[in-house]
Amino acid sequence: MALLHTPLHDLCREGGGRMVPFAGWEMPVQFSGLIQEHKAVRERMGMFDISHMGVLRLDGPKPKDALQQLVPTDLHRIGPGEACYTVLLNDRGGIRDDLIVYDRGALDADRGSLVLVINAACADNDTAWIRERMEPAGLTVTDSKADGVLLALQGPQAIPLLERLSGSDLSGLPRFGHRDLTLEGLSQPVFTARTGYTGEDGAELLLSAADGPKFWKQLLEEGVTPCGLGARDTLRLEAAMHLYGQDMDADTTPFEAGLGWLVHLEMPADFVGRQALERAAEVGPSRRLVGLKLQGRAIARHDYPVLHNGERIGIVTSGTWSPTLEEPIALASVPPALAKVGTELSVEIRGKAQPATVVKRPFYRRA
C-alpha cells in the first residue's frame, strides 16, 4: 500500500527532512539532527508537521452527553474554549486510543460542537467506531482536517511569536485553552490550541491546505527550526507523556498506565468499560508505569526486560537518551510493590543487566 503524504511533505523533503514510514504516512524523522532539533524546542522554538493525526468534529444536540458514553473523564468539567485529555476504552477497560477533546461551544440554541484530535495509527478505526455511536444520537461526525495541515509550534518563544504574527495578547489563553486566530498573511482564521506533546509551552494549529504550506514557509523565515519524529519522541519522553501502542494499549487500563486521574467514577454517566474499571479500582492494578533512570550510557528500548534481583518482573515501554539531562531514561511497567521512587532495579540490555532506579515523573519539567 502506498504511503500517504501530508500537504507539507514536499516542503519537508526540500528542507532536508529524512523521510520514513510512520502509521501509513511518509513523515520526516529529522532535519538538521535530533539533538539540535530537541534543544531548539527546549531553548527557543521548533515546528512539527503533525498533519498525519486525525481531527474529527462532532456537531449536534448535547455532544458532550453523547461522547461521555465513550470516555471515563467528566466532559462537563470543561466549557467553551477549554479542552481535556482523555482516553477511549473497550469493554475490558483497556485503552483503545488517547485523545484531546476541545469544546467549541454552541452552534445555536440547540446544538454544540466538539473537536477531537486522535492518533494517526488509530484514526480510521476510531472514526468508524465514534461515528457508529454518535450518529444514532443525532450528531454529525466530520473530518475537520480534511486535506489541511495540523502544525505544532513548540518552545518558550512560540507564544510570543504567535502574538506578534496575530497582533493578539495570548497571556489569558491557558494551557489547553483554544481560540481562532487571524494570522498575518493567511486567508482564514486558524484554530489555535495551547496544547502540545513536548513538555514546553506552545500551540497546535489547524490550517487550510492553502494556508498550511504558506505558514510553514513564514515560520522558516522567522527562524523556527523544523523538527521531525525523532525529536518529538525524545521531547515527549522527557516530559513522561504516553505514546499509544507502547506505554498503553488495548490491554492496559488507565490505572495501569498511570492515568487513573482521567477516570471519574464519581460521575453517574455510564461509559464503555465502566464496570471493568470499577472492578479494577476495587482490587488495584497488577502493574504500574514508572520512570527509570539508568546508570551509564546504555539505552533501554521498548520491550526490554526489567529485572529485580536477577528475575524478570516487567518491561520497558519507552526508552531513550535524554538530550536535556544527558542520561538514559525510560518508562517501564512493573509490579506495584516495586513502583516506589528510589527502588533499585535493572534493565537487560544486550544480555547485560544495567542498573536503574525508579524516579519521579516527569523527568523534565519546564521552569
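Residues numbered from 1 in each chain as written. Predicted model: local features only at pLDDT ≥ 70, side-chain atom pairs only at ≥ 80, totals over all residues. Heavy atoms only, no water.

Engineer: Break down the sheet that holds strand E7 (residues 112-118) for me, citing the residues and quoting the values.
Structural biologist: Strand order across the open sheet formed by five strands is E5-E6-E7-E4-E8, with antiparallel pairing between neighbours. A strand with exactly one partner marks an edge of an open sheet, and here the two such strands are strand E5 (83-89) and strand E8 (140-143). Going across the sheet, the axis of each strand differs from the next one's by a mean of 30°, ignoring polarity. Looking at chain direction, strand E4 (residues 54-60) and E8 are connected through four bridges and run antiparallel. Residue pairing for E8: aspartate 59 is matched across the bridge by threonine 140. (Pairing = 2+ DSSP bridges. Helix = DSSP H or I, 4+ residues; strand = E, 2+ residues; numbered from the N terminus. Axes fitted to C-alpha atoms, helices over the stretch in contact; angles between N-to-C directions.)

Engineer: Please provide a residue-by-residue account of the pattern of salt bridges, values included.
Structural biologist: Inspection of every chain in the model, using the stated rule, returns 19 salt bridges. Put simply, aspartate 251 and arginine 92 hold a salt bridge, and the shortest N to O gap is 3.2 Å. Of this pair, aspartate 251 sits in the loop between helix H7 (229-238) and helix H8 (274-283) while arginine 92 sits in the loop between E5 and strand E6 (95-106); the two residues are 159 residues apart in sequence, bridging distant segments of the chain. The class for aspartate 251 is exposed, based on a relative accessible area of 55%. For arginine 92, a relative accessible area of 52% translates into the label exposed. Between aspartate 201 and arginine 194 there is a salt bridge, and its shortest N-O distance comes to 2.6 Å. Each of Arg42, Glu200 and Glu238 takes part in one network of salt bridges that share partners. (Salt bridge = Lys/Arg side-chain N within 4 Å of Asp/Glu carboxyl O. Buried < 20%, exposed > 50% of the residue type's maximum accessible area, 1.4 Å probe, protein only.)

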